[in-house]
Amino acid sequence: MSGLIIKIISNTFTVLTDKGIIDCKARGKLRNLKITPIVGDNVIIDYNKKYIIDVLKRKNFLERPTIANIDQALIIVSVKEPNLDLYLLDKLLCIIEFNNIKPIICFTKLDLLDDVSKIMQLKEYYSNIGYQVFTSLEKEELKKVFKNKISVFTGQSGAGKSTLLNALNDNFNLKTDEISLALGRGKHTTRHVELLPLFNGMCADTPGFSSLSLKEMSNSDIRDNMIEFNEYKEFCEYKDCMHDLESNCEIKRQINNKILKSRYNNYLKFIKKEG
(Lines give C-alpha, C1' and ligand atoms only; values in the text may rest on other atoms or scores of the structure.)
Protein backbone atom coordinates (compact mmCIF):
# COMPACT_ATOMS: atom_id res chain seq x y z
CA MET A 1 0.00 0.00 0.00
CA SER A 2 1.23 3.50 -0.83
CA GLY A 3 0.96 6.55 1.36
CA LEU A 4 2.32 9.99 2.20
CA ILE A 5 4.31 10.76 5.37
CA ILE A 6 2.59 13.71 7.02
CA LYS A 7 4.33 13.76 10.41
CA ILE A 8 7.35 12.30 12.19
CA ILE A 9 7.78 12.29 15.96
CA SER A 10 10.72 10.30 17.31
CA ASN A 11 10.69 7.04 15.35
CA THR A 12 6.97 7.08 14.57
CA PHE A 13 5.96 7.96 11.01
CA THR A 14 2.37 9.08 10.49
CA VAL A 15 1.29 8.05 6.99
CA LEU A 16 -1.81 9.18 5.08
CA THR A 17 -3.25 6.36 2.98
CA ASP A 18 -6.47 5.54 1.15
CA LYS A 19 -7.50 3.63 4.27
CA GLY A 20 -6.86 6.54 6.58
CA ILE A 21 -3.97 7.65 8.78
CA ILE A 22 -1.59 4.96 10.04
CA ASP A 23 1.34 5.21 12.46
CA CYS A 24 4.29 3.19 11.19
CA LYS A 25 7.88 2.30 11.96
CA ALA A 26 10.65 2.15 9.34
CA ARG A 27 12.06 -1.23 8.34
CA GLY A 28 15.62 -1.83 9.44
CA LYS A 29 16.70 -2.38 5.85
CA LEU A 30 16.06 1.29 5.10
CA ARG A 31 18.55 2.26 7.78
CA ASN A 32 21.06 -0.22 6.34
CA LEU A 33 20.56 1.41 2.93
CA LYS A 34 21.04 4.84 4.57
CA ILE A 35 17.53 5.89 3.54
CA THR A 36 15.87 8.22 6.03
CA PRO A 37 12.15 8.79 5.40
CA ILE A 38 11.07 12.42 5.84
CA VAL A 39 7.79 14.34 5.80
CA GLY A 40 6.48 14.58 2.25
CA ASP A 41 7.92 11.26 1.16
CA ASN A 42 5.71 8.92 -0.84
CA VAL A 43 6.22 5.50 0.70
CA ILE A 44 5.19 1.87 0.40
CA ILE A 45 3.96 0.34 3.65
CA ASP A 46 3.13 -3.09 4.98
CA TYR A 47 -0.38 -2.30 6.19
CA ASN A 48 -0.70 -5.29 8.50
CA LYS A 49 2.69 -4.96 10.20
CA LYS A 50 2.64 -1.12 10.12
CA TYR A 51 6.10 -0.84 8.59
CA ILE A 52 7.48 1.46 5.89
CA ILE A 53 9.19 -0.89 3.45
CA ASP A 54 10.24 1.53 0.68
CA VAL A 55 10.63 5.25 -0.04
CA LEU A 56 9.80 6.34 -3.59
CA LYS A 57 11.99 8.71 -5.59
CA ARG A 58 11.74 12.36 -4.54
CA LYS A 59 11.17 15.17 -7.02
CA ASN A 60 12.80 17.69 -4.68
CA PHE A 61 14.07 18.10 -1.14
CA LEU A 62 14.61 20.92 1.33
CA GLU A 63 17.11 20.42 4.14
CA ARG A 64 15.81 23.17 6.43
CA PRO A 65 12.95 22.57 6.91
CA THR A 66 13.46 18.86 6.18
CA ILE A 67 10.68 18.04 3.76
CA ALA A 68 10.30 16.44 0.31
CA ASN A 69 8.13 16.59 -2.80
CA ILE A 70 7.01 20.17 -2.33
CA ASP A 71 5.05 21.93 -5.07
CA GLN A 72 5.31 25.45 -3.69
CA ALA A 73 6.84 27.40 -0.82
CA LEU A 74 5.09 30.33 0.78
CA ILE A 75 7.78 32.68 2.05
CA ILE A 76 6.34 34.58 4.99
CA VAL A 77 8.02 37.98 5.31
CA SER A 78 7.43 40.19 8.34
CA VAL A 79 7.54 43.92 7.63
CA LYS A 80 8.03 44.76 11.33
CA GLU A 81 8.81 42.86 14.57
CA PRO A 82 11.00 41.35 13.21
CA ASN A 83 11.93 44.03 10.71
CA LEU A 84 11.74 43.51 6.95
CA ASP A 85 14.68 41.34 5.83
CA LEU A 86 15.09 41.51 2.04
CA TYR A 87 18.41 39.67 2.25
CA LEU A 88 16.69 36.60 3.71
CA LEU A 89 13.79 36.91 1.26
CA ASP A 90 16.09 36.98 -1.77
CA LYS A 91 18.18 34.13 -0.35
CA LEU A 92 15.09 31.99 0.13
CA LEU A 93 13.84 32.82 -3.36
CA CYS A 94 17.19 31.80 -4.85
CA ILE A 95 17.38 28.50 -2.95
CA ILE A 96 13.73 27.60 -3.58
CA GLU A 97 14.03 28.37 -7.32
CA PHE A 98 17.16 26.20 -7.45
CA ASN A 99 15.21 23.30 -5.93
CA ASN A 100 12.49 23.53 -8.61
CA ILE A 101 9.85 24.64 -6.13
CA LYS A 102 7.48 27.50 -6.90
CA PRO A 103 7.99 30.40 -4.46
CA ILE A 104 5.04 32.52 -3.29
CA ILE A 105 5.70 35.65 -1.20
CA CYS A 106 3.43 36.82 1.61
CA PHE A 107 4.12 40.03 3.54
CA THR A 108 2.77 40.02 7.11
CA LYS A 109 2.18 42.50 9.94
CA LEU A 110 1.34 45.47 7.71
CA ASP A 111 -0.96 46.68 10.48
CA LEU A 112 2.17 47.59 12.48
CA LEU A 113 3.27 50.17 9.88
CA ASP A 114 2.12 53.75 9.63
CA ASP A 115 3.00 53.86 5.92
CA VAL A 116 2.77 50.77 3.72
CA SER A 117 3.81 52.47 0.46
CA LYS A 118 7.30 50.92 0.47
CA ILE A 119 5.82 47.45 0.94
CA MET A 120 3.37 48.02 -1.90
CA GLN A 121 6.26 49.07 -4.16
CA LEU A 122 8.13 45.90 -3.23
CA LYS A 123 4.99 43.85 -3.84
CA GLU A 124 4.70 45.37 -7.31
CA TYR A 125 8.37 44.75 -8.13
CA TYR A 126 8.38 41.10 -7.12
CA SER A 127 5.07 40.59 -8.94
CA ASN A 128 6.45 42.17 -12.11
CA ILE A 129 9.46 39.85 -12.21
CA GLY A 130 7.20 36.79 -12.05
CA TYR A 131 6.37 35.88 -8.47
CA GLN A 132 2.96 35.55 -6.88
CA VAL A 133 2.89 38.09 -4.04
CA PHE A 134 0.26 38.57 -1.35
CA THR A 135 -0.16 40.30 1.96
CA SER A 136 -1.63 38.48 4.95
CA LEU A 137 -4.71 40.68 4.56
CA GLU A 138 -5.56 38.97 1.24
CA LYS A 139 -6.88 35.80 2.89
CA GLU A 140 -9.46 34.85 0.26
CA GLU A 141 -6.90 35.17 -2.54
CA LEU A 142 -4.36 33.17 -0.53
CA LYS A 143 -6.80 30.32 0.05
CA LYS A 144 -6.95 29.64 -3.69
CA VAL A 145 -3.25 28.79 -4.07
CA PHE A 146 -3.40 25.58 -1.97
CA LYS A 147 -5.73 23.45 -4.09
CA ASN A 148 -4.11 20.16 -5.18
CA LYS A 149 -0.69 21.35 -3.99
CA ILE A 150 1.75 20.35 -1.27
CA SER A 151 2.95 23.61 0.20
CA VAL A 152 5.50 24.62 2.79
CA PHE A 153 5.42 27.77 4.88
CA THR A 154 8.86 29.19 5.52
CA GLY A 155 10.61 32.38 6.53
CA GLN A 156 12.34 33.93 9.51
CA SER A 157 11.27 32.95 13.00
CA GLY A 158 8.54 35.25 14.29
CA ALA A 159 7.38 36.29 10.82
CA GLY A 160 3.89 34.97 11.49
CA LYS A 161 3.74 31.58 9.79
CA SER A 162 1.67 29.86 12.45
CA THR A 163 -0.44 32.98 12.97
CA LEU A 164 -1.27 33.11 9.27
CA LEU A 165 -2.18 29.42 9.16
CA ASN A 166 -4.46 29.92 12.15
CA ALA A 167 -6.07 32.92 10.43
CA LEU A 168 -6.70 30.88 7.26
CA ASN A 169 -8.18 27.98 9.21
CA ASP A 170 -8.92 28.44 12.90
CA ASN A 171 -9.24 24.68 13.35
CA PHE A 172 -5.43 24.47 13.38
CA ASN A 173 -4.95 26.35 16.66
CA LEU A 174 -1.18 26.21 16.15
CA LYS A 175 0.94 27.58 18.98
CA THR A 176 2.26 31.12 18.57
CA ASP A 177 4.37 33.27 20.83
CA GLU A 178 5.47 36.82 21.40
CA ILE A 179 8.49 38.35 19.68
CA SER A 180 11.59 38.56 21.84
CA LEU A 181 12.33 42.29 21.85
CA ALA A 182 15.87 41.72 23.09
CA LEU A 183 16.70 39.38 20.20
CA GLY A 184 14.50 41.00 17.57
CA ARG A 185 13.17 37.63 16.49
CA GLY A 186 10.43 35.23 17.38
CA LYS A 187 10.67 32.31 19.72
CA HIS A 188 10.57 28.95 17.95
CA THR A 189 7.06 27.70 18.58
CA THR A 190 6.86 24.96 15.92
CA ARG A 191 8.87 21.92 17.00
CA HIS A 192 8.33 19.52 14.12
CA VAL A 193 7.33 19.50 10.48
CA GLU A 194 3.78 18.34 9.83
CA LEU A 195 1.63 18.31 6.70
CA LEU A 196 -1.86 19.62 7.38
CA PRO A 197 -4.94 19.56 5.12
CA LEU A 198 -5.74 23.04 3.85
CA PHE A 199 -8.24 24.05 1.14
CA ASN A 200 -8.05 20.78 -0.84
CA GLY A 201 -4.28 20.61 -0.57
CA MET A 202 -1.65 19.92 2.08
CA CYS A 203 0.66 22.40 3.74
CA ALA A 204 3.39 22.28 6.36
CA ASP A 205 4.01 24.51 9.31
CA THR A 206 7.74 24.39 9.99
CA PRO A 207 10.26 25.62 12.55
CA GLY A 208 11.68 29.03 11.66
CA PHE A 209 15.08 29.10 10.03
CA SER A 210 18.09 29.87 12.20
CA SER A 211 20.49 29.68 9.25
CA LEU A 212 20.53 29.00 5.53
CA SER A 213 23.32 27.95 3.24
CA LEU A 214 24.03 28.50 -0.44
CA LYS A 215 26.85 25.96 -0.30
CA GLU A 216 25.09 23.54 -2.65
CA MET A 217 24.86 26.22 -5.33
CA SER A 218 27.64 27.38 -7.63
CA ASN A 219 27.95 31.09 -8.39
CA SER A 220 26.43 30.49 -11.82
CA ASP A 221 23.50 28.67 -10.15
CA ILE A 222 22.95 31.71 -7.94
CA ARG A 223 23.14 34.05 -10.93
CA ASP A 224 20.71 32.00 -12.99
CA ASN A 225 18.18 31.86 -10.15
CA MET A 226 17.99 35.64 -9.83
CA ILE A 227 15.16 35.39 -12.31
CA GLU A 228 14.95 38.99 -13.53
CA PHE A 229 18.64 38.92 -14.54
CA ASN A 230 17.83 36.36 -17.22
CA GLU A 231 15.78 38.89 -19.18
CA TYR A 232 18.79 41.15 -19.76
CA LYS A 233 21.88 38.90 -19.63
CA GLU A 234 21.98 38.42 -23.43
CA PHE A 235 22.89 42.10 -23.74
CA CYS A 236 26.00 41.73 -21.57
CA GLU A 237 29.30 41.82 -23.47
CA TYR A 238 30.40 38.44 -22.10
CA LYS A 239 28.30 35.31 -22.51
CA ASP A 240 29.13 34.06 -19.00
CA CYS A 241 29.01 37.47 -17.37
CA MET A 242 28.74 37.25 -13.58
CA HIS A 243 27.45 40.83 -13.39
CA ASP A 244 30.12 41.82 -10.91
CA LEU A 245 33.48 43.12 -12.13
CA GLU A 246 32.87 42.82 -15.87
CA SER A 247 32.58 45.87 -18.09
CA ASN A 248 29.59 46.48 -20.37
CA CYS A 249 27.27 44.52 -18.08
CA GLU A 250 23.62 45.08 -18.88
CA ILE A 251 22.51 43.92 -15.42
CA LYS A 252 24.51 46.71 -13.78
CA ARG A 253 23.06 49.20 -16.24
CA GLN A 254 19.54 48.13 -15.23
CA ILE A 255 20.05 48.75 -11.49
CA ASN A 256 17.47 51.23 -10.20
CA ASN A 257 15.70 50.93 -13.54
CA LYS A 258 14.44 47.40 -14.14
CA ILE A 259 16.43 45.72 -11.36
CA LEU A 260 15.96 46.57 -7.68
CA LYS A 261 19.22 47.75 -6.15
CA SER A 262 18.73 45.66 -3.02
CA ARG A 263 18.32 42.55 -5.19
CA TYR A 264 21.59 43.23 -6.96
CA ASN A 265 23.44 44.00 -3.72
CA ASN A 266 22.13 40.80 -2.17
CA TYR A 267 23.25 38.87 -5.26
CA LEU A 268 26.81 40.16 -4.80
CA LYS A 269 26.74 38.96 -1.19
CA PHE A 270 25.43 35.59 -2.29
CA ILE A 271 28.21 34.93 -4.82
CA LYS A 272 30.77 35.95 -2.23
CA LYS A 273 29.01 33.48 0.10
CA GLU A 274 28.38 36.09 2.76
CA GLY A 275 25.82 35.32 5.48
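Structure: above.
Residues numbered from 1 in each chain as written. Predicted model: local features only at pLDDT ≥ 70, side-chain atom pairs only at ≥ 80, totals over all residues. Heavy atoms only, no water.

1. Quick notes on unusual backbone geometry
Leave glycine aside and you will find that most residues have negative phi; peptide bonds, for their part, are mostly trans.
(1) Moving on: Cis geometry marks the peptide bond from Glu-81 to Pro-82, where omega comes out at 0°.
(2) Moving on: Residue position: Pro-82 is located in the loop between strand E8 (72-78) and helix H2 (86-98).
(3) Moving on: Its identity as a non-glycine residue notwithstanding, Lys-109 has a phi of 65°, on the positive side.
(4) Moving on: For Lys-109, the position within the fold is in the loop between strand E9 (102-108) and helix H3 (117-128).
(5) Moving on: You can call Lys-109 buried: its relative accessible area is 18%.
(6) Moving on: With phi around 60°, His-243 is a residue other than glycine that occupies positive phi space.
(7) Moving on: When you line up the elements, His-243 lands in the loop between helix H6 (219-224) and helix H7 (250-253).
(8) Moving on: Judged by relative accessible area, which is 1%, His-243 ranks as buried. (Helix = DSSP H or I, 4+ residues; strand = E, 2+ residues; numbered from the N terminus. Buried < 20%, exposed > 50% of the residue type's maximum accessible area, 1.4 Å probe, protein only.)

2. Section: the environment of Leu-89
(1) Moving on: Here Leu-89 lies in helix H2.
(2) Moving on: Taking relative accessible area as the criterion, Leu-89 reaches 1% and is therefore assigned buried.
(3) Moving on: The sequence separation of Leu-89 and Ile-76 amounts to 13 residues, and the corresponding C-alpha distance is 8.6 Å.
(4) Moving on: The contacts of Leu-89, once residues within four sequence positions are left out, are Ile-75, Val-77, Ile-105 and Tyr-126. (Contact = heavy atoms within 4.5 Å.)

3. Quick word on empty space enclosed by the protein
(1) Moving on: A complete count under the given rule lists 1 cavity of 30 Å³ or more for this structure.
(2) Moving on: By volume, the largest cavity is sized at about 40 Å³.
(3) Moving on: Around the largest cavity, the lining residues are Ile-75, Ile-76, Val-77, Asp-85, Leu-88, Leu-89, Leu-92, Gly-155 and Gln-156.
(4) Moving on: At the level of secondary structure, the elements contributing two or more residues to the lining of the largest cavity comprise E8 and H2.
(5) Moving on: Across the lining of the largest cavity, the residue classes tally to 6 nonpolar, 2 polar and 1 charged. (1 Å grid on protein atoms, 1.4 Å probe; cavity = no way out; pocket = protein on both sides within 12 Å on 5 of 7 lines; lining within 4 Å. Points joined across faces, edges and corners; volume = space filled by probe spheres on them. Nonpolar A, V, L, I, M, F, W, Y, C, P; charged D, E, K, R; others polar.)

By themselves, these figures tell us nothing about what the structure is for.
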